[in-house]
Amino acid sequence: MRIDILSPLPHLLKAPFSTSILAKAIEKKIIEIHIHDLRDYTKSDKKQIDDYSYGGGGGMVLMIEPIARCINKLQSSRDYDSVIFMTPEGKKLTQNICNQLSQEKNIIILCGRYEGIDQRIRDIFINKEISIGDYVLTGGELPALVLCDCIIRLLPGSMSNSSCALSDSFQDNLLAPPIYTRPCNYHGHKVPDVLLSGNNKKISEWRDEQSYVKTKKNRPDLLEK
Ligand code: ADE
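Here the chain is partitioned into domain 1 (2–152) and domain 2 (167–223). Averaged C-alpha coordinates put domain 1 and domain 2 at centres separated by 37 Å.

Put into structure tokens, the structure is as follows:
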């Protein structure tokens, strides 16, 4: 899989891809990440990529040309399954959307900044708008990283134990059950006996029950689905 991320602040995107599971996935060639600085696609001497909003209004708006130039260049080299714009106005990100995107081959992610982007970018190029939640960040870079992280960990070979991704919270509309490691007794706080019993059937039943109890307490809305 290949993901191209377009941003006015590309340095914000680099660190998460340089350690741990994401870095290993890149090293193993499971994923290719290409980060593009939108200022490299402006023809203005001052590297201008934003301008005032037609009709007035406070903030600056990302201009159409640099973004269009970058997307056109990418699309002339390969077909892209999704061209995604990260925005609080988009469809709310779910595990289901991540599962679907993890099946795609080439994805472009556009990060907004300032007051927003020229509407014509959305009309011409964007086929998915995604929000990571009902709150507003200063830009789309952190949301883009959230999206990439969720997708990459689903790709076969990226996690040492691929069954992990399937037992995640939300994969079946249930939150994950509690987990424990050594010591089995920490100042009187003991690991539940069933987990030490070696009885796989009982362990599995206990985990299902705990998942249900946690979901009912923290996210009853998931049980209504
Ligand atoms: N940009 C700013 N806030 C955002 C959000 N909640 N989701 C996606 N992109 C954003």
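Picking up after the structure, the text goes on.
Turning to the site of the ligand, a few remarks are in order. Around the ligand sit Met86, Thr87, Pro88, Ile130, Ser131, Ile132, Gly133, Tyr135, Val136, Leu137, Gly139 and Pro143, and that is every residue in its neighbourhood. Tyr135 is positioned with one of its backbone polar atoms (N or O) 2.7 Å from a nitrogen atom of the ligand. Interatomic distance of 3.0 Å between a backbone N/O atom of Leu137 and a nitrogen atom of the ligand. Those elements that place two or more of their residues in the shell around the ligand are β5 (82–92) and β8 (128–131). The element contributing the most residues to the shell around the ligand is β5, with three residues. In the shell around the ligand, the residues fall into eight nonpolar, four polar and no charged.

With that settled, the discussion passes to unusual backbone geometry. Here the residue pair Arg182 and Pro183 is connected by a cis peptide bond, since its omega of 5° sits within 30 degrees of zero. For Pro183, the position within the fold is in the loop between α6 (163–166) and β9 (185–186). Notably, Lys29 is not glycine yet its phi reads approximately 60°, a positive angle. Examined against the element boundaries, Lys29 turns out to sit in the loop between α1 (20–27) and β2 (32–37). Relative accessible area serves as the criterion here: at 73%, Lys29 is assigned to the exposed category. For Asn173, which is not glycine, the phi dihedral falls at a positive 65°. Inspection of the secondary structure assignment puts Asn173 in the loop between α6 and β9.

Let's shift gears to the pattern of salt bridges. A full pass over the atoms with the stated rule returns 10 salt bridges. Of the charged contacts, one joins Glu89 and Arg122 as a salt bridge, the two residues approaching to 2.7 Å between their closest N and O atoms. One end of the pair, Glu89, is in strand β5; the other, Arg122, is in helix α4 (residues 119–124), and 33 residues separate them in sequence. With a shortest N-O distance of 3.3 Å, Lys92 and Asp134 are connected by a salt bridge. Here Lys92 is found in strand β5, whereas its partner Asp134 is found in the loop between β8 and α5 (141–152), with 42 residues between them in sequence.

Our next topic: a nonpolar patch on the surface. Side chains of Tyr135, Leu137 and Leu142 sit close together on the surface and give an oily, nonpolar patch of about 290 Å² of accessible area. Checked against the element boundaries, Tyr135 lands in the loop between β8 and α5. Given a relative accessible area of 46%, Tyr135 falls into the partly exposed group.

Thresholds, definitions, all that
Residues numbered from 1 in each chain as written. Predicted model: local features only at pLDDT ≥ 70, side-chain atom pairs only at ≥ 80, totals over all residues. Heavy atoms only, no water. Domains from an automatic or database assignment. Near = heavy atom within 4 Å. Polar contact = N/O pair within 3.5 Å; in protein donor to acceptor, adjacent residues only side chain to side chain. Helix = DSSP H or I, 4+ residues; strand = E, 2+ residues; numbered from the N terminus. Nonpolar A, V, L, I, M, F, W, Y, C, P; charged D, E, K, R; others polar. Buried < 20%, exposed > 50% of the residue type's maximum accessible area, 1.4 Å probe, protein only. Salt bridge = Lys/Arg side-chain N within 4 Å of Asp/Glu carboxyl O. Patch = residues over 30% accessible without salt bridge, like charges linked within 9 Å, V, L, I, M, F, W, Y side chains within 5 Å. Areas by Shrake-Rupley, 256 points an atom, 1.4 Å probe, with all protein chains shown as cover.

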